[in-house]
Amino acid sequence: MPSRKHRVLLVMAVAELLAMSLWFSATAAAPELAAEWGLTDAETAWLTIAVQLGFVTGALLSSVLTLSDVFRPRYLLAGSAVLGAAATALIAAAVSAALPAIALRFLTGVALAGVYPPGMKILAGWFEEGRGFAIGVLVGALTVGSALPHLIRAVGGVGQPRVVLYGAAALATLGGLLALLVEPGPHQAPAAPFDPGAIGRILRDRGTMLANGGYFGHMWELYAVWTWIPAYLIASMAANGGGSTGLASLLAFATIAVGGVGAVVAGSAADRVGRTRVTSVSMAVSGLACLAAGVVFGRSLFLLVPFVLVWGVAIVADSAQFSAAVSELAEQSYVGTALTLQTAIGFLLTTISIQLIPVVVDLVGWRWAFAPLVVGPLLGTLSMQWLRRLPEATRLAGGRG
């Protein structure tokens, strides 16, 4: 029989998977929405960028107000998921132009800032041993959830953008309701008072900020690839003389969703051999893939498909371990705030890298569009290797670094 904490892990994983389907809901439906509403390429890109900026805004507000530590995480998570679902459903029901859609996508991002960090805090309260694995499962679920809109589109949403939007909204509502079933864990710190000085202490903590440095490098690459991999796949298949929009959506889903496997496997490995090692290896592989994408561009699907699947595993395998590291290094009464601040800055970086890719495409085409992203994994690896050599590393993964 599974233990109580593993039942909590299962419920939280399903809740996050369903709630995070909101993230790329409009991105997956963007080709149809662009045609129907007459959107420019810039307006289409803003359907994703607005979510990132909304998430950053919500996360920064949550950090400054220490919401994740003042309110019970399950209530914050549930309310946020329902709010994001309502904003997404409203796009499908009542919107026919770029500006209101972008505004509602921004609100969706604000709401999602109350879904992901509180979920991590809930699991940190249940898992002291095996925390890397637990948060890895959560990030794996988040990864599959982020990919779900592409699957919805591939199996019945091509030409039907409202099917994708309503489907994601319904799934997110169910995820929020599931989160209400989870009780606080035995290791969860009690609700902390509002403390405006908490942010300053987090920013001055060397170990926490080096773990954040790894996360920032990782995020520079992650969402830019997740956002533009469908367009890259379409361009690559066209260069090889074949492919379809439906196939590209299915491959985009697989590329993102397979990262769930990487997150779980890496979480288990990090608990055994150390977080700095696992994150460094993962970033090395994904960084090389940013360059190798140019080599496999236009090649046969027999080469392209295995490549993007390996990239999909590596690119998100390390994600949970940066969060696990911060949960071990930061002041325990304000772990929720530290995690929220981490994600806020990381997602702010994604708004730059997402917009960078179309600029590079205009200059050199899709073949080498992802090459500038390699700087993120490179700097992230250096940050984690620095952390590995410090005394603070003994607090990671039970002393394994």
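Residues numbered from 1 in each chain as written. Predicted model: local features only at pLDDT ≥ 70, side-chain atom pairs only at ≥ 80, totals over all residues. Heavy atoms only, no water.

## Some points on the side chain of histidine 218
Tracing the sequence through the fold places histidine 218 in helix α12 (residues 206–239). With near-sequence residues (within four places) excluded, histidine 218 lies in contact with Met283, Ile315, Val316, Asp318, Ser319, Phe322 and Gly376. (Helix = DSSP H or I, 4+ residues; strand = E, 2+ residues; numbered from the N terminus. Contact = heavy atoms within 4.5 Å.)

## Structural notes on the domain arrangement of the protein chain
Much of the literature gives interface size as the accessible area that the parts lose upon coming together. Domain annotation of the protein chain identifies domain 1 (1–182) and domain 2 (195–400). The straight-line distance from the C-alpha centre of domain 1 to that of domain 2 is 18 Å. Here domain 1 is connected to domain 2 by zero salt bridges. Across the contact surface, domain 1 and domain 2 share four residue pairs in polar contact (both at pLDDT 80 or more). When contributions to the side of domain 1 that touches domain 2 are tallied by element, the ones reaching two or more residues are α4 (41–64), α5 (67–70), α8 (116–126) and α9 (131–157). If you tally residues by element for the side of domain 1 that touches domain 2, the top one is α9, at 18 residues. Among the residues making up the side of domain 1 that touches domain 2, the classes are represented as 24 nonpolar, 14 polar and four charged. (Domains from an automatic or database assignment. Salt bridge = Lys/Arg side-chain N within 4 Å of Asp/Glu carboxyl O. Polar contact = N/O pair within 3.5 Å; in protein donor to acceptor, adjacent residues only side chain to side chain. Nonpolar A, V, L, I, M, F, W, Y, C, P; charged D, E, K, R; others polar.)

## A word on the environment of leucine 142
Residue placement: leucine 142 occurs in helix α9. Among residues more than four places away in sequence, those in contact with leucine 142 are Met20, Tyr116 and Tyr223.

## So, a nonpolar patch on the surface
Where nonpolar side chains cluster on the molecular surface, the patch consists of Val295, Val359, Leu363, Val364 and Trp368 and spans about 490 Å² of accessible area. Counting through the fold element by element, valine 295 comes out in helix α15 (residues 275–296). Overall, valine 295 belongs to the partly exposed group, its relative accessible area being 47%. (Patch = residues over 30% accessible without salt bridge, like charges linked within 9 Å, V, L, I, M, F, W, Y side chains within 5 Å. Areas by Shrake-Rupley, 256 points an atom, 1.4 Å probe, with all protein chains shown as cover. Buried < 20%, exposed > 50% of the residue type's maximum accessible area, 1.4 Å probe, protein only.)

## Describing the packing of aromatic side chains
Within this structure, the stated rule accounts for 16 aromatic pairs. Ring geometry for tryptophan 23 versus phenylalanine 55: centroids 5.2 Å apart, planes at 50°, classification tilted. In this pair, tryptophan 23 sits in the loop between α1 (4–19) and α2 (25–28) while phenylalanine 55 sits in helix α4, placing the two residues 32 residues apart along the sequence. Per residue, the accessibility class of tryptophan 23 equals that of phenylalanine 55, and both read buried. A connected cluster of aromatic rings, assembled from ring pairs, spans Trp228, Tyr232, Phe297, Phe307, Trp311, Trp366 and Phe370. (Phe/Tyr/Trp six-rings, centres within 6.5 Å; stacked < 30°, edge-to-face > 60°.)

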